[in-house]
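Commentary on secondary and tertiary structure
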Amino acid sequence: MQPIIQIRGLEKTYASGFQALKGVDLDIRRGEIFALLGPNGAGKTTLISIVCGIVRATAGSVTVDGHDIMRDWRAARSLIGLVPQELTTESFESVWATVSFSRGLFGKPPDPAVIERILKDLSLWDKKDTKVMALSGGMKRRVLIAKALSHEPRVLFLDEPTAGVDVELRRGMWEMIGRLRDSGVTIILTTHYIEEAEEMADSIGVISGGRIILVEEKAALMEKLGKRLLTLQLLNPLDAIPPEFAGYPLTLSADGRELVYSFDTQGERTGIAGLLRKLGDHGINYTNLRTEESSLEEIFVSLVKERA
Amino acid sequence: MNLHAIKAIYIFELARTWRTLFQSIAGPVISTSLYFIVFGAAIGGRFASVEGVSYGAFLVPGLVMMSVLTESVSNASFGIYMPRYSGTIYELLSAPVSAFETVIGYVGAAATKSVILGTLILLTARLFVDFSIAHPFWMVAFLVMTSVTFSLLGFILGIWADGWEKLQIVPMLIVTPLAFLGGSFYSISMLPPFWQKVTLFNPVVYLVSGFRWSFYGAADVPVALSLVMVALMMAICLAVVWWIFRTGYKLKN
Ligand SMILES: Nc1ncnc2c1ncn2[C@@H]1O[C@H](COP(=O)(O)OP(=O)(O)O)[C@@H](O)[C@H]1O
Ligand SMILES: [Mg+2]
């Protein structure tokens, strides 16, 4: 099936001369949750803004469900809902009025039943007559989501939806996004939290310095990224890893004092218990042990290196 | 044509007016009434009638025009500047709405409000002075065209301005002086010859003159010239708006 979003050779150079996107090619499949993962300044917001028509591309093309965003902009934009990164809301309008306004703006006739369902789904129903400025940050974020959903889009962009949202609300947000996906909406979200991508996405694209470094299904990527390390500090240095442990993914430090075991966090079992037991059986004692996971920065560094 | 979008913008903007009813309607009506009390009733008795019309009645069209001009500019500029300032403009830019539809929504709402305001001032004026309207059709035509033209000007201002000061300084330093010197309080023929020539560079003169003609059948400049000038101003503003959207000036990166 044709991808719902097709991006080819997309470049953006801002008026300042800064090149924020350096030739992006990307396909997003229909009905999936796609996480665009990248550090601050990677070009996530720029990419989204071009697809939504807020920023002009310097070069390249984008189609949304086959509609070119420049030539066939009306059809393309009608399919899209956008929740921006910043909490930009009308102040004096009621929740109901601002969400109804959005629906009209996107060319749909008024439909109170749809607005009611959206507000209820987002737990905003009891706030429908409240002025937006009187709401908390988390509720404002939900108002923005309601506005983006008001015209029943096929594609929803969420630019850092959980930035500044506390842990509990974040979970609620994830659940809501999952329900949306189940209703057939394609969701593209940006984040710089790897856990968020891990939790929600079907596919993950990593962007850095204006380039897409890789796009993979989550399971495959997590295998690559999800390795954790268990480091054991040995009581007595070893010369080499004993042959009985040949089957284990173990490495020995140069001084023979540290044994490092890498394991997969996605796996059913980490194998740590078995390893420790076996070490004990062979009389290899340790004074300390610690686990560490690769940080996002390390992952980016290793990905960029891999590509070079 | 995205009619739902035009309607949404239009209603949204009028709702804003409704929320700030006192400031946007009652304020100008009250201040214009004060003009009538001071110039029309209190001082006006000492002036001879102008062109066969009592001074109080002579003031009516000019004062209506003055309020309509300044309110159109400030209202339309605020309407589009506000979303730019707060960032909510992202929604308009990402919506399937053309430049033309955007302008109809914003400028249409601002002009509607100005026409309502002009009508209210006329009704209020009737309480203070006696006047008649010789050409009602042209009266409405001038009122509507002026409201639209200056709302367009306000729209341009609201897009050009990148701060609250700029937003207020243009009406204060340009629109209000032009309106005051546009012949609201006097007939051009009362000026010395040199100033009669200079004053013809002020576009407001043509508006006030044409508008007053629709009331009393007398004008400072030929009424056809007034019409041509309004049309010209409207065309210039439309061209600038078209250019703004074509280039994305101050709207898109
Ligand atoms: N209007 C602009 N003018 C110049 N540079 C910009 C502009 N907007 C963003 N940038 C720059 O482009 C880069 C990418 O920004 P952005 O797309 O916002 O990144 P992200 O959303 O991934 O944090 C950043 O270095 C940022 O400073
Ligand atoms: Mg961003």
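Right, let's walk through the structure included here. Predicted model only: the values in this text are computed from it and were never measured.

Coordination of the magnesium ion (ligand 2) by the protein is provided by T45(A) (OG1) and Q85(A) (OE1), with metal-donor distances spanning 2.0 to 2.2 Å. Within this pair, whereas T45(A) is found in helix α1 (residues 44-52), its partner Q85(A) is found in the loop between β6 (80-83) and α3 (95-105), the two being separated by 40 residues in sequence.

Let us look at empty space enclosed by the protein. All names here are of chain A. Enumeration according to the criterion identifies three cavities of 30 Å³ or more in this entry. Considering the residues around the largest cavity, the lining is formed by I5, I7, L26, I28, F34, L36, L47, I48, V51, F157 and I188. Of all the secondary structure elements, the ones that give two or more residues to the lining of the largest cavity are β1 (5-13), β2 (19-28), β3 (33-37) and α1. In terms of residue count, the dominant contributor to the lining of the largest cavity is α1 (three residues). Residue composition of the lining of the largest cavity, grouped by class: eleven nonpolar, no polar and no charged.

Below, the discussion takes up helix α6 (residues 167-182) of chain A. Note: α-helices contain 3.6 residues per turn, so residues at a spacing of three or four share the same orientation. All names here are of chain A. With 16 residues, α6 extends 23 Å between its outermost C-alpha atoms, agreeing within 8% with the 22 Å of an ideal straight helix rising 1.5 Å per residue. Residues R170, M173, W174, M176, I177, G178 and L180 constitute the buried set of α6. Turning to α6, the residues buried within the fold contact β3, α5 (137-149), β7 (155-159), β8 (186-191) and α7 (194-200). Where α6 terminates, the next one or two residues include G184, which has phi positive at roughly 100°.

Residue and element names in this part refer to chain B. Remark: helix α6 (residues 136-160) packs on helix α7 (residues 164-180), axes separated minimally by 9 Å, with the N-to-C direction vectors making an angle of 145°. As for the relative orientation of α6 and α7, their crossing is right-handed in sense. Along the contact surface, α6 presents L157, G158 and W160, while α7 presents K166, L167, V170 and P171. For the contact of α6 with α7, the residue count by class is five nonpolar, one polar and one charged.

As a further point, take the sheet that holds strand β4 (residues 59-64) of chain A. Residue and element names in this part refer to chain A. Spatially, β2-β1-β4-β5 is the arrangement adopted by the four strands of the open sheet, whose pairing is antiparallel. Two strands lie at the open edges of the sheet, namely β2 and β5 (67-68), each paired on one side alone. Note that β1 and β4 share five bridges and pair antiparallel. Its bridge partner lying in β4, R8 is registered against S61. Against the sheet, α1 contacts β1, β2 and β4, and its axis sits at roughly 115° relative to β1.

Counting residues at the interface gives 28 residues for chain B, matched by 29 residues for chain A. Taken together, the two surfaces of chain B and chain A that pack against each other cover about 2600 Å², and 58% of this comes from carbon and sulfur. Of all residues in chain B, Y90(B), E91(B) and P96(B) give up the largest surface area on contact with chain A, accounting jointly for 26% of the area buried on that side. Run the count over chain B and chain A and you get three salt bridges. Ionic pairing is found between K147(A) and E91(B), a salt bridge with its closest N-O pair at 3.0 Å. Linking chain B with chain A are ten residue pairs in polar contact (both at pLDDT 80 or more), by the criterion used here. Elements represented by at least two residues in the side of chain B that touches chain A include exactly α1 (3-19), α4 (89-94) and α10 (223-247) of chain B. Of all the elements, α1(B) adds the most residues to the side of chain B that touches chain A, at seven residues. Looking at the side of chain B that touches chain A residue by residue, the class counts come to twelve nonpolar, ten polar and six charged.

Residues and elements named next belong to chain A. When β4 meets β5, the two strands line up antiparallel, connected through two bridges. Among the inter-strand pairings, T63 is bridged to a residue of β5, identified as D68. In sequence, β4 turns back onto β5 through a hairpin of two residues, with D65 there showing a positive phi of about 50°.

Here is what the cut-offs are and how they apply
Residues numbered from 1 in each chain as written. Chains lettered and ligands numbered in written order. Predicted model: local features only at pLDDT ≥ 70, side-chain atom pairs only at ≥ 80, totals over all residues. Heavy atoms only, no water. Donors = N, O, S within 2.8 Å, 3.2 Å for Na, K, Ca; no water. Helix = DSSP H or I, 4+ residues; strand = E, 2+ residues; numbered from the N terminus. 1 Å grid on protein atoms, 1.4 Å probe; cavity = no way out; pocket = protein on both sides within 12 Å on 5 of 7 lines; lining within 4 Å. Points joined across faces, edges and corners; volume = space filled by probe spheres on them. Nonpolar A, V, L, I, M, F, W, Y, C, P; charged D, E, K, R; others polar. Expected span 1.5 Å × (residues − 1). Buried < 20%, exposed > 50% of the residue type's maximum accessible area, 1.4 Å probe, protein only. Contact = heavy atoms within 4.5 Å. Axes fitted to C-alpha atoms, helices over the stretch in contact; angles between N-to-C directions. Left-handed = near helix turned anticlockwise from the far one by under 90°. Pairing = 2+ DSSP bridges. Buried area = accessible area lost by both parts, 1.4 Å probe. Salt bridge = Lys/Arg side-chain N within 4 Å of Asp/Glu carboxyl O. Polar contact = N/O pair within 3.5 Å; in protein donor to acceptor, adjacent residues only side chain to side chain.

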